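The lines below spell out each chain.
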Amino acid sequence: MERFEKGFTHGGKFHADDVFAAALLTIINPDFKVERGFEVPENFDGIVFDIGFGEFDHHQADKKVRENEVAYAAFGLIFERFGGLLMDEEDKAKFDERFVQPLDINDNTGEDNEIAKLISRFNPSWDEEADTDEYFEQAKQFAMTILNNEIRYYKSSKKAKQIVEQELSNAKDGILVLSQYIPWKKAVEGTDIEFVIYPSKRGGYCAQGVPKQSEEEGKEKLSYDFPEEWRGKTKEELPEISGIKTLSFCHNSGFLLSAGTVEDCIKACDITRELVKKEEAE
């Protein structure tokens, strides 16, 4: 992994841009030290960002712009150069679009951004005598927590997708039974899977209808909603209403149900399909 010893950024009031840039570099190298000031020291041999008109600044007239015309700010430039050390290129592109670009836009245009607001609140108030470097460090630690959580999420999502894809070969009659609870939606997207069943952390099993893309205005809808007469009923009522012995819960919106056994979850899915096909035939 590429490592960095020190960096330099502007002093005074800080923003999400320079804070997240420093946070990213510190995640790459926990010993990374940030100096702040209003003039880049002569012959400074570290990474200079958000000041100085160099590779990682964006205040010059010929600043770098993405293909989608979103201009880079310092965080975007740092992430473009070093983000690949923390995630693969596919996730890097997704993270840039979803997380980095909105912060770059905020810094370049002032467009509202809630994360940028949170970072801004770390600055000392106008009537407070304080060392802004200390507050910058607090903001950087906060930004590192956010970034570490995001990186962990992307890695976990990719791992989940790989595991679910392996278990797809065991699916039968459009029903995928997972060996453990795991985020499954990305892996089953575009397949013929109509229901997914998985162990519940509360005991027993859960079943869900798989979201499908609707032709109507591109909206997403479920392959099957569980029957309306099951929804919102108590665990005492459900077995009698459904004829499924261990059925104990059906969500009011019809997207999720719970039963004591895999077999009863499969039975609930089969009954749901039969009822829907019967209604369609009528």
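Along each chain, residues carry numbers from 1 onward, in the same order as the chain's sequence is written. In view of the model being predicted, local features appear only for residues whose pLDDT reaches at least 70, and side-chain atom pairs are presented and counted only at 80 or more, with totals across whole chains, interfaces and linings using the full set of residues. Water and hydrogen atoms were dropped before computing side-chain values, which therefore reflect all heavy atoms in the structure.

1. Side note on the pattern of salt bridges
Consideration 1: The rule for a salt bridge is simple: a side-chain nitrogen of Lys or Arg has to be within 4 Å of a carboxyl oxygen of Asp or Glu. Under the defined criterion, the tally for this structure stands at 16 salt bridges.
Consideration 2: Here Lys158 makes a salt bridge to Glu90, at a shortest N to O gap of 3.3 Å. Remark: Glu90 occurs in helix α3 (residues 89–109) and Lys158 occurs in helix α5 (residues 132–167); sequence separation between them is 68 residues.
Consideration 3: Between Lys117 and Glu114 there is a salt bridge whose closest N-O contact spans 3.4 Å. Separated by three residues within a single helix, Lys117 and Glu114 lie in helix α4 (residues 114–120), roughly one turn from each other.
Consideration 4: Relative accessibility under 20% of the residue-type maximum defines a buried residue, over 50% an exposed one, and the middle range a partly exposed one, all with a 1.4 Å probe and only protein chains included. Judged by its relative accessible area of 51%, Glu114 falls in the exposed class.
Consideration 5: Counted as one network, the salt bridges with shared partners bring together Asp88, Glu90, Asp91, Lys94 and Lys158. Only DSSP runs of H or I reaching four residues or more are called helices, and only runs of E reaching two or more are called strands; each is numbered from the N terminus.

2. Re the nonpolar core
Consideration 1: What makes a nonpolar core is a set of buried Ala, Val, Leu, Ile, Met, Phe, Trp, Tyr and Cys residues whose side-chain atoms join them at distances within 4.5 Å. Counting 38 residues, the largest nonpolar core has Phe20, Ile78, Phe99 and Leu147 as the members making the most contacts within it.
Consideration 2: At the level of elements, α1 (16–28), α2 (74–82), α3, α4 and α5 are the ones that each hand at least two residues to this core.
Consideration 3: The element that contributes the greatest number of residues to this core is α1, accounting for ten residues.
Consideration 4: Throughout, a contact is declared for two residues whenever any of their heavy atoms are within 4.5 Å. Those residues in contact with Ile78 that sit more than four places away from it in its chain are Ala21, Leu24, Leu25, Ile47, Phe49, Phe56 and Gly83.
Consideration 5: Within the second largest apolar cluster, 17 residues are counted, among which are Ala207, Leu238, Cys250 and Ala268.

3. Observations regarding the sheet that holds strand β5 (residues 195–199)
Consideration 1: At least two bridges found by DSSP between two strands are what make those strands a pair. Judged by pairing direction, the sheet is mixed, and its five strands sit side by side in the order β4-β5-β6-β10-β9 without closing on themselves. What marks the edges here is a single partner per strand, and that holds for β4 (175–177) and β9 (247–250). Going across the sheet, the axis of each strand differs from the next one's by a mean of 20 degrees, ignoring polarity.
Consideration 2: Sheet topology note: the β9/strand β10 (residues 256–259) ladder contains three bridges and is antiparallel. Paired with Leu247 across the two strands is Ala259, which belongs to β10. A fitted line through C-alpha atoms represents every axis, and for helices the fit uses only the stretch in contact; the resulting angles, taken between N-to-C directions, go from 0 to 180 degrees.

4. Some points on the sheet that holds strand β2 (residues 33–37)
Consideration 1: A sheet is described by the order of its strands in space; here three strands give the open sequence β2-β1-β3, paired in parallel fashion. Two strands lie at the open edges of the sheet, namely β2 and β3 (47–48), each paired on one side alone.
Consideration 2: Pairing between strand β1 (residues 6–10) and β2: five bridges, direction parallel. Considered in β2, the bridge of Thr9 is made with Arg36.

5. Focus: unusual backbone geometry
Consideration 1: Here Phe53, not a glycine, exhibits a phi torsion of approximately 60 degrees, which is positive.
Consideration 2: In this structure, Asp173 is a non-glycine residue whose phi angle is positive, near 55 degrees.
Consideration 3: The exposed category is assigned to Asp173, whose relative accessible area is 58%.

6. So, the packing of aromatic side chains
Consideration 1: Geometry of aromatic contacts follows a simple scheme: Phe, Tyr and Trp rings, the Trp one being its six-membered ring, pair when their centres are within 6.5 Å, and the pair is stacked under 30 degrees between planes, edge-to-face over 60, tilted otherwise. Counting across every chain of the model gives 15 aromatic pairs.
Consideration 2: Ring centres 5.6 Å apart and planes at 75 degrees place the aromatic pair Phe20 and Phe99 in the edge-to-face group. Here the residue Phe20 occupies a position in helix α1, and Phe99 occupies one in helix α3, the gap between them amounting to 79 residues.
Consideration 3: Given the relative accessible area of 6%, Phe99 is considered buried.
Consideration 4: Between the aromatic rings of Tyr181 and Tyr198, the centroid separation amounts to 5.2 Å while the plane-to-plane angle is 65 degrees, which identifies the pairing as edge-to-face. Note that Tyr181 is positioned in the loop between β4 and α6 (185–188) and Tyr198 in strand β5, a separation of 17 residues in sequence.
Consideration 5: Classification of Tyr198 by relative accessible area gives buried; the value is 6%.

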